[in-house]
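# Structural features, examined
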Amino acid sequence: MLTLESFEEAAEIVKQVTQETKLVKSSYFSELTGNKVFFKPENMQRTGAYKVRGAYYKISTLSDEERSKGLITASAGNHAQGVAYAAHKYGVKAVIVMPTTTPLIKVERTKGYGAEVILHGDVYDEACAYALDLAEEKGYTFIHPFDDPAVATGQGTIAMEIIQELPLVDYILVPIGGGGLATGVSTLAKLLNPHIKVIGVEPAGAACMKASLEKGEVVTLPHVNTIADGTAVQTPGSHIFPYIQENLDGIITIEDDELIVAFLDMVENHKMIVENSGLLTVAALRHLDFKNKKVVSILSGGNMDVITMSSVVQHGLIQRDRIFTVSVLIPDKPGELVRVASIIAENQGNVIKLDHNQFVSTNRNAAVELKITLEAFGTDHKNQIVKALETAGCRPKVIRASL
């Protein structure tokens, strides 16, 4: 049972391994949404995510015998680091099974805490099945990443901190993968103040909790497809599902493209790195249909590898028309390239890349093609540059940007 007493106990115990993550007010999103928006930056935890809370509290409830057998879990990354770090603190062995798609930074950091890492399966559910087989074979104690009331209790300590700091909070937005964090946060929030609304946020490509709530029972998705790897779960937790049914006030689903925009929002406006799963609650702010409320978005983690980060930034700039590629047709004669460059310069465009193709036509005097990738301030500036090229007779055509 998830009780107020167990939450209070967990809140004291997790202080041994967590850093204080004070709420951060967002002037940008407050103005954008018409609400008072705050972030709970769990991406600033030592392990880069909130998961250490549930892992450490769960391990604290085990007997010495259970801990001495060694611990095993399955995780897409953040729970892995939480268990590895907690096991290190207790001085016990930890084996972590991770999907083969797990970002490298999460794998390396998990190993860095002394855990043995095994890569298996394409998604969390396949890794979990293998971990359970190993637990039975080797006698390890299994620490479930979400479908365990003790783990959910540890995660729910976030809600206690939010309410202590912002007693009149109206809405809490919480990411959902398997449902452990949402269970803990929604249950404790309702225990402390039944008027607080807790909204879950899932990736549209892995909305297993939404599907389960709609059917009234736990369902398994046939497949999942999302860049939010930490919430790419096919089946939500069956033990915690009743708590979700009782305490969650709704679910918002987010497309991957929205996460890309949210990443740029956080980097540019808050100078903060948040991983894709943590960005779910940032993207959800644009979906809110109310005003003048106090809203807290939980940023669940910040463990994103540099390659993924680079890709997200590039796609985000393209989505916002900050980078675009235009094809122009000009005669193949001296001075034409300079003419095009001058038009772009006069309109404050910045050339990133240029591809000159003389073989677009058999008549080079009639036309050669320039593919120009440019940096702009946004959509209006992009349209200004394209219009200037059109006026100059360059026959511009915006094409798929290539970097």
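Now for a description of the structure that goes with this document. Please read all numbers here as calculations on a predicted model, not as lab measurements.

This part takes up the sheet that holds strand E14 (residues 397-399). Across the sheet, which stays open at both edges, the four strands sit in the order E12-E13-E11-E14 with antiparallel pairing between neighbours. Edge positions in the open sheet fall to strand E12 (350-357) and E14, since each of these has one partner strand only. Recorded for the sheet is a direction-independent mean angle of 25° between the axes of neighbouring strands. Pairing analysis gives seven bridges linking E12 to strand E13 (residues 368-375), with the strands arranged antiparallel. When the sheet's bridge partners are listed, Leu-354 is paired in E13 with Ile-372. Strand contacts of helix H15 (residues 336-346): strand E11 (323-330), E12 and E13, with the helix running at about 25° to E13, the strand carrying the most contacts. Each of E11 and E14 is contacted by helix H16 (residues 379-391), which is oriented at about 5° to E11, the strand it contacts most.

Of the volumes computed, that of the largest pocket is approximately 310 Å³. Looking at the largest pocket, it is lined by 17 residues, and the ones nearest its centre are Lys-15, Glu-20, Met-160, Glu-161 and Gln-164. The greatest single-element share of the lining of the largest pocket, amounting to five residues, is contributed by helix H8 (residues 149-165). Partitioning the lining of the largest pocket into residue classes produces three nonpolar, five polar and nine charged. The volume enclosed by the second largest pocket comes to roughly 220 Å³. Around the second largest pocket, the lining is made up of 13 residues, and of these Ile-227, Asn-276, Thr-308, Ser-311 and Val-312 lie nearest the centre. The set of elements that each furnish at least two residues to the lining of the second largest pocket consists of helix H12 (256-270) and helix H14 (306-319). A total of four residues in the lining of the second largest pocket trace back to one element, the largest contributor, which is H14. For the lining of the second largest pocket, the residue count by class is four nonpolar, six polar and three charged.

Turning our eyes to something else, we now look at unusual backbone geometry. Unlike most non-glycine residues, Gln-348 shows phi in positive territory, near 60°. Residue classification places Gln-348 among the exposed residues on the basis of a relative accessible area of 57%.

For the structure shown, the criterion picks out two cavities of 30 Å³ or more. What the largest cavity holds in volume is close to 280 Å³. Broken down by secondary-structure element, the contributors of at least two residues to the lining of the largest cavity are helix H5 (78-90) and helix H9 (180-192). Broken down by element, the residue count for the lining of the largest cavity peaks at three residues, all from H9. Broken down by class, the residue content of the lining of the largest cavity amounts to 12 nonpolar, 12 polar and three charged. Of the pockets and cavities examined, the second largest cavity occupies roughly 40 Å³.

In this section: the packing of aromatic side chains. Applying the stated rule across the entire model yields six aromatic pairs. Between Tyr-124 and Phe-146, the ring centres sit 5.5 Å apart and the planes meet at 55°, which makes this aromatic pair tilted. Placement of Tyr-124 in helix H7 (residues 124-138) and of Phe-146 in the loop between strand E6 (141-142) and H8 is noted, with a sequence separation of 22 residues between them. In this structure, Tyr-124 and Phe-146 share a single accessibility class: buried. Each member of the aromatic cluster is reached from another via a ring pair, and the members are Tyr-28, Phe-29 and Phe-39.

Here we come to the pattern of salt bridges. If you walk through the whole model with that rule in mind, you get 17 salt bridges. Where Arg-53 meets Glu-161, a salt bridge forms, and the shortest distance between an N and an O atom there is 2.9 Å. A residue pair is termed long-range when its members are at least 10 positions apart, and Arg-53 in helix H3 (residues 52-60) and Glu-161 in helix H8 qualify at 108 residues. Arg-53 gets classed as buried once you look at its relative accessible area, which sits at 0%. According to the relative accessible area criterion, Glu-161 is partly exposed, its value standing at 24%. Among the salt bridges present, the one from Asp-148 reaches Lys-58, with a minimum N-O distance of 3.0 Å. With Asp-148 in the loop between E6 and H8 and Lys-58 in helix H3, this residue pair connects regions lying 90 residues apart in the sequence. Assessed through its relative accessible area of 12%, Asp-148 is described here as buried. Lys-58 gets classed as buried once you look at its relative accessible area, which sits at 15%. Connected through salt bridges with shared partners, the residues Asp-265, Glu-268, Arg-286, Arg-320 and Arg-322 form a single ionic network.

Calculation notes
Residues numbered from 1 in each chain as written. Predicted model: local features only at pLDDT ≥ 70, side-chain atom pairs only at ≥ 80, totals over all residues. Heavy atoms only, no water. Pairing = 2+ DSSP bridges. Helix = DSSP H or I, 4+ residues; strand = E, 2+ residues; numbered from the N terminus. Axes fitted to C-alpha atoms, helices over the stretch in contact; angles between N-to-C directions. Contact = heavy atoms within 4.5 Å. 1 Å grid on protein atoms, 1.4 Å probe; cavity = no way out; pocket = protein on both sides within 12 Å on 5 of 7 lines; lining within 4 Å. Points joined across faces, edges and corners; volume = space filled by probe spheres on them. Nonpolar A, V, L, I, M, F, W, Y, C, P; charged D, E, K, R; others polar. Buried < 20%, exposed > 50% of the residue type's maximum accessible area, 1.4 Å probe, protein only. Phe/Tyr/Trp six-rings, centres within 6.5 Å; stacked < 30°, edge-to-face > 60°. Salt bridge = Lys/Arg side-chain N within 4 Å of Asp/Glu carboxyl O.

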